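# Architecture and fold: a report
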Amino acid sequence: MLRQLSGMDSLFLYAESHRAPLEVGCLQIYDPSTAPRGEVRFKEILATFQDRLDRADVFTQKLVEVPLSLDHPYWVEDEEFDLEYHVRHISLPRPGDWRQLMAQIARLQARQLDHSKPLWMAHIIEGLDKVEGIPEGCFAMFMKVHHAAIDGVTGQNVQAAMHDMKPYQADASNYQPSSGLAQDGDPPAWNLLARAPFNTAWKTTKLGLGLMRALPGAIQAGIATRKKTQRAIPKTVFNDGRVSPNRVIDGCFFELDDFKQIRAAAPEVKINDIVLAVISGAMRYYLDARDGLPEESLLAACPINVGTEDDANSGRANLLSIMTPRLHTEIADPMERLLTIHAATDETKDVVRKIGTRTMTEIPMNLPAPIAKNLYPLLSALALRSESIPYNTMITNVIVKHAPLYLSGARLIRVLATGPIIDQSGIFHAVFSFDGVLSIGFTACREMLPDPEFYTECIRGSFDDLKKAAAGKKRKAKKKTSRKKAKSKKPAADGVTAESKPKKAGKTTRKKASDKSKPERTKKTASKKTASKPTPVTDAAKKATKTPARKKPSARSPKATPIDDAAAKTAGDGPAAGQAG
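Scope of this entry: the structure provided in the associated data block.

### Quick notes on the overall build of the chain
Looking only at helices and strands, the chain has 14 helices and 15 strands in total. Here the chain holds 581 residues, and 54% of them are scored as buried. The contacts of the chain with a sequence gap of at least 6 include a subset with a gap of at least 24, amounting to 83%. Element-wise, carbon and sulfur atoms account for 54% of the exposed surface of the chain, whose accessible area totals about 26,500 Å².

Spelled out as structure tokens, the structure:
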């Protein structure tokens with residue numbers, strides 16, 4: 001079936017380069033002990049994929065370009081589809097630890113997909129025998145898909161196509177490589193060219209109408225923010241020119257209940273705010289260790305998925321809006337930073353609401369192909385030449401609420417997402433919540449972040465810092481409440497109540513907050529919300545940043561917890577999935 005890419009889907013093709021392909025990935029780790037025979041063979045995984053090729057269009061459809069780029073490309077069935085080209089089997093060398101796994105995933109993420117074939121690859125990885133927190137005998141699947149073909153909604157469809165709710169094992173006894181669905185061949189060029197004038201005229205009309213709808217909201221948002229000082233986006237080591245074609249990938253796993261406990265200390269904040277605060281603290285620690293922490297706050301770009309299932313079914317794989325909250329990396333106190341980030345995200349969401357989330361997608365959705373294909377590379381080149389930074393990091397967040405998921409009988413126990421980076425923004429954070437575990441993963445340019453293991457420790461240190469600060473706030477609130485109750489119940493002589501007794505004069509001292517859990521356990525320093533440079537990390541921490549593998553990573557994976565929910569959906573109140581994201 002001939003299906004045209006939308007303007008936003010096409011954007012991910014026009015804006016990429018060989019150094020920075022716009023592809024999203026997902027590392028999934030499985031425990032085969034749940035399979036009927038206690039093991040899973042590669043042939044059974046192939047049989048599982050082959051049985052489900054018709055459940056998601058992304059599996060068998062490839063791109064067809066319109067001659068002279070007069071219109072956006074089309075999806076067509078690949079008449080030479082080869083399943084065993086897309087699903088491959090590799091193994092880690094001994095000992096098979098987490099560091100080796102991350103190095104392998106980084107190499108796979110850096111390889112650009114072949115645009116003459118369906119835009120996805122899945123690597124089944126064995127040999128994970130020394131990964132802390134993971135049972136021996138587990139295997140992983142790293143699946144990568146081009147962003148033009150997938151977003152949060154379509155990503156959920158792909159996950160549902162591959163997995164079962166019960167440990168069902170495919171019968172591979174009669175497996176034979178298949179070409180998938182019946183194909184009609186590529187459409188003739190004259191057919192595509194004949195459609196181009198009508199599509200261009202229609203998109204131009206929709207673009208004009210969309211701009212007219214967006215104008216009132218843009219004026220309203222501009223009036224609301226005109227009195228506020230617009231601060232420049234600071235430049236960091238992550239935003240220094242072109243990215244290289246080489247990647248580093250790593251991440252941490254946390255119990256989702258720990259994030260909920262932090263939220264209990266500040267009920268007004270959301271889980272997404274806490275995630276932003278953890279990433280903000282990690283970037284603060286890392287940049288401080290490299291003597292590169294700016295005085296101004298860093299800026300994040302958080303995609304918001306505004307698409308629906310109907311949009312995905314109609315061929316619009318990506319419908320994204322963007323909010324750009326400040327991360328307030330200039331604030332040392334973790335709880336103060338969290339509350340300030342919460343206020344910043346609320347303010348940013350308010351601006352997005354004024355303009356309209358769907359309205360903001362009108363321009364990229366309806367730009368005619370000849371303009372869009374030349375405009376995006378030109379804007380990227382101009383931004384690079386002028387050293388204009390769009391944002392410091394991209395942060396996406398996905399929540400998956402499934403019953404237990406199984407691939408050919410093996411239970412899914414861990415998920416870590418990866419994403420694309422672009423020139424002037426060399427680090428991407430992907431947050432994934434599944435089965436009571438929240439993972440924070442990052443993909444970065446290897447030249448901009450040569451020490452991923454140290455940055456992982458920065459994430460853990462930031463989380464520990466925030467968790468301790470939240471626990472301290474709850475203890476103080478509890479003591480304050482207890483003192484009030486004690487005073488109200490205290491008996492009083494001569495008819496004088498406890499509350500009416502004069503208080504003794506005296507001074508009280510309050511401990512100042514500090515960065516309590518820097519990765520190298522530095523000396524505590526007074527907390528400030530200031531434009532001046534914070535107390536640097538110790539010399540040991542600075543030295544740790546000079547080499548990629550100075551210290552061993554901590555345990556990556558807490559013990560798995562049962563999965564209770566049976567529905568799957570993307571997070572609705574914050575950054576959404578699968579996007580550049």
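Following the structure, the description resumes.
### Some thoughts on the environment of alanine 265
Within the secondary structure, alanine 265 is located in helix α7 (residues 256-265). Assessed through its relative accessible area of 9%, alanine 265 is described here as buried. C-alpha separation for the pair alanine 265 and alanine 470, spaced 205 residues apart in sequence, amounts to 5.5 Å. Excluding anything up to four places from it in sequence, alanine 265 contacts Ala470, Lys473 and Lys474.

### Describing the nonpolar core
In this structure, Phe49, Phe59, Leu83 and Trp120 are the most contacted members of the largest nonpolar core, which totals 72 residues. Per element, the largest residue contribution to this core is 5 residues, and it comes from helix α1 (residues 7-14). Here tryptophan 120 is in contact with Phe49, Val58, Phe59, Phe81, Leu83, His86, Val87, Leu113, Met143, Lys144 and Val145, once residues within four sequence places are set aside. Residues Val248, Ile271, Val275 and Ala277 belong to the second largest nonpolar core, which totals 50 residues.

### Brief notes about a nonpolar patch on the surface
A contiguous nonpolar surface patch, about 290 Å² in accessible area, is contributed by Leu68, Leu70 and Leu193. Within the secondary structure layout, leucine 68 lies in the loop between β3 (61-64) and β4 (74-77).

### Topic: the packing of aromatic side chains
Counting across every chain of the model gives 13 aromatic pairs. Aromatic pair phenylalanine 238 and tyrosine 455: ring centres 6.3 Å apart, planes at 75 degrees, arrangement edge-to-face. Taken together, the positions of phenylalanine 238 in the loop between α6 (189-225) and β8 (247-255) and tyrosine 455 in helix α13 (residues 452-489) put the pair 217 residues apart, joining distant regions of the chain. Here the two residues phenylalanine 238 and tyrosine 455 agree in accessibility, since each one is buried. On the basis of an interplanar angle of 40 degrees and a centroid distance of 4.5 Å, the ring pair of phenylalanine 254 and phenylalanine 463 is categorised as tilted. Residue phenylalanine 254 is found in strand β8, and its partner phenylalanine 463 is found in helix α13; the two are separated by 209 residues along the sequence. Over the face of the ring belonging to tyrosine 85 we find lysine 117, whose NZ or CZ atom lies 4.9 Å from the ring centre. Residue placement shows arginine 414 over the ring face of phenylalanine 253; its charged tip is 5.8 Å from the ring centre.

### Concerning the packing of α7 against helix α8 (residues 271-289)
At a closest axis distance of 10 Å, the pairing of α7 and α8 adopts a crossing angle of 100 degrees. When the axis of α7 is compared with that of α8, the two are roughly perpendicular. Seen from α7, the contacting residues are Phe259, Lys260, Ile262 and Arg263; seen from α8, they are Ile271, Ile274, Val275 and Val278. Here the contact of α7 with α8 is built from residues that sort into 6 nonpolar, no polar and 2 charged.

Calculation rules
Residues numbered from 1 in each chain as written. Predicted model: local features only at pLDDT ≥ 70, side-chain atom pairs only at ≥ 80, totals over all residues. Heavy atoms only, no water. Helix = DSSP H or I, 4+ residues; strand = E, 2+ residues; numbered from the N terminus. Buried < 20%, exposed > 50% of the residue type's maximum accessible area, 1.4 Å probe, protein only. Contact = heavy atoms within 4.5 Å. Areas by Shrake-Rupley, 256 points an atom, 1.4 Å probe, with all protein chains shown as cover. Core = buried A, V, L, I, M, F, W, Y, C linked by side-chain atoms within 4.5 Å. Patch = residues over 30% accessible without salt bridge, like charges linked within 9 Å, V, L, I, M, F, W, Y side chains within 5 Å. Salt bridge = Lys/Arg side-chain N within 4 Å of Asp/Glu carboxyl O. Phe/Tyr/Trp six-rings, centres within 6.5 Å; stacked < 30°, edge-to-face > 60°. Lys NZ or Arg CZ within 6 Å of the ring centre and 35° of its normal. Axes fitted to C-alpha atoms, helices over the stretch in contact; angles between N-to-C directions. Parallel < 35°, antiparallel > 145°, perpendicular 65-115°, else oblique. Nonpolar A, V, L, I, M, F, W, Y, C, P; charged D, E, K, R; others polar.

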